[in-house]
Structures are given as C-alpha cells and as structure tokens.
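Secondary and tertiary structure notes
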Amino acid sequence: MMQYASKDNVQGICPDGWHLPTDTEWMMLEVELGMSIEEATSTGLRGTDGGAKLKAGGSSGFEALLGGYCNSGGQFNSINSYATFFTSTQGSQSNLAWTRYLFNDKDQVLRDQYEKTFA
C-alpha cells in the first residue's frame, strides 16, 4: 500500500523534497512569465505566450512535454497534442482539481478544473 506523505505530495506521486504545486504557485509562475494578475486569476486560455515559454524548447527552462492525459481507466490519450498539469488545489467540487493545459497549436496557458480521477 502506498504511503501518503502530505497534502502537497498528492497520492505519493512526488519524490522526497518535491511537491505538486498549488493553483497559486502556478499563477505566480505565469505572472513571472509575463501574464497579468487579472489574466492569471481568470479561467480559459490566458496570456499571450506563457504556454510557448513553458513547452520544450521555450525560453523558461520548464521544458514541458505534451504527454496528453490518462483517463480513469488508465489509458493515455492526446499525446503530443497537449499537456495536462494538475495542482494540489481542490476545485469547486470535491471531485475536481485546478489544472493547467499547454497545447501544441497555442501559445497561451489554459486554466480550468478537471476530475481528479484523471491524470
């Protein structure tokens, strides 16, 4: 059985010394990359080029790969189309978490809530 270290180490997925960022930490990163605070706190596609800066080859050094998502059945989908990043912040319902998406054909970052049963 997997041991859960802390709220920040959601479901034990993070190595020791690392944590799953909160929604606020993502917003701080997005503002650092040039997004306004108003854009960072909104939902949907936001900013102008934050997504391009975060993707592999971008200027931020983050080097995100477009790994798609894993559904609740364990199947991976949309690889090379977009990347899904969950935060440790619960959404408006207990089954949701705040997420970020980076797309292969868009330079912005999408902020939304998504089901926790996905990865």
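Here's what I pulled together on the structure shown here.

How each quantity is defined
Within each chain, residue numbers correspond to sequence positions counted from 1 in written order. Local features in this predicted model are restricted to residues of pLDDT 70 or higher, and side-chain atom pairs are both shown and tallied only at a pLDDT of 80 or more, whereas totals for entire chains, interfaces and linings draw on every residue. Heavy atoms throughout the structure, all of them, feed into the side-chain values; hydrogens and water do not. Secondary structure elements are defined from DSSP: runs of H or I of at least 4 residues count as helices, runs of E of at least 2 residues count as strands, and each element is numbered from the N terminus. Here a residue-residue contact requires only that any non-hydrogen atoms of the pair lie within 4.5 Å. Exposure was quantified through the Shrake-Rupley algorithm and a 1.4 Å probe, taking into account, for residues, occlusion by the shown protein chains and nothing else. Here the nonpolar core consists of buried residues drawn from Ala, Val, Leu, Ile, Met, Phe, Trp, Tyr and Cys, with membership extended through side-chain atoms lying within 4.5 Å. The classification of residues rests on relative accessible area computed with a 1.4 Å probe and restricted to protein chains. Under 20% of the type maximum is buried, over 50% is exposed, and intermediate values are partly exposed. For this document, the term salt bridge refers to a Lys or Arg side-chain nitrogen within 4 Å of an Asp or Glu carboxyl oxygen. We call two strands paired when DSSP finds no fewer than two bridges between them.

Focus: the overall build of the chain
- In terms of helices and strands, the chain carries three helices and six strands.
- Along the chain direction, N to C, the helices and strands of the chain fall in the order α-α-β-α-β-β-β-β-β.
- Look at the contacts in the chain between residues 6 or more apart in sequence, and 39% of them connect residues 24 or more apart.
- Here the chain displays about 7200 Å² of accessible surface, and carbon together with sulfur accounts for 52% of that area.

Points about the nonpolar core
- Grouped together as the largest cluster of nonpolar side chains are 11 residues: Trp 26, Met 27, Leu 33, Met 35, Ala 40, Leu 54, Ala 64, Leu 66, Ala 83, Leu 102 and Val 109.
- In terms of nonpolar packing, the next biggest core, distinct from the first, is built from eight residues, Tyr 69, Phe 103, Leu 110 and Phe 118 among them.

Description of the pattern of salt bridges
- One pass over the full model with this rule turns up six salt bridges.
- Across the salt bridge formed by Arg 46 and Glu 30, the nearest N and O atoms sit 2.7 Å from each other. Here the residue Arg 46 occupies a position in strand E1 (residues 44–46), and Glu 30 occupies one in helix H1 (residues 23–32), the gap between them amounting to 16 residues. Each of the two residues, Arg 46 as well as Glu 30, counts as buried.
- Each of Asp 23, Glu 30, Arg 46, Arg 100 and Arg 111 takes part in a single network of salt bridges with overlapping partners.

Quick word on the pairing of strand E5 (residues 96–103)
- Of all eight residues in E5, eight are buried; the element is thus mostly enclosed.
- Here E5 shows no split at all, with Leu 96, Trp 98, Arg 100 and Leu 102 on one side and Ala 97, Thr 99, Tyr 101 and Phe 103 on the other all buried.
- Pairing analysis gives seven bridges linking E5 to strand E6 (residues 109–115), with the strands arranged antiparallel. Residue pairing across strands places Leu 102 opposite Val 109, the latter belonging to E6.
- Between E5 and E6, which pair antiparallel and follow one another directly, the connecting turn spans five residues.

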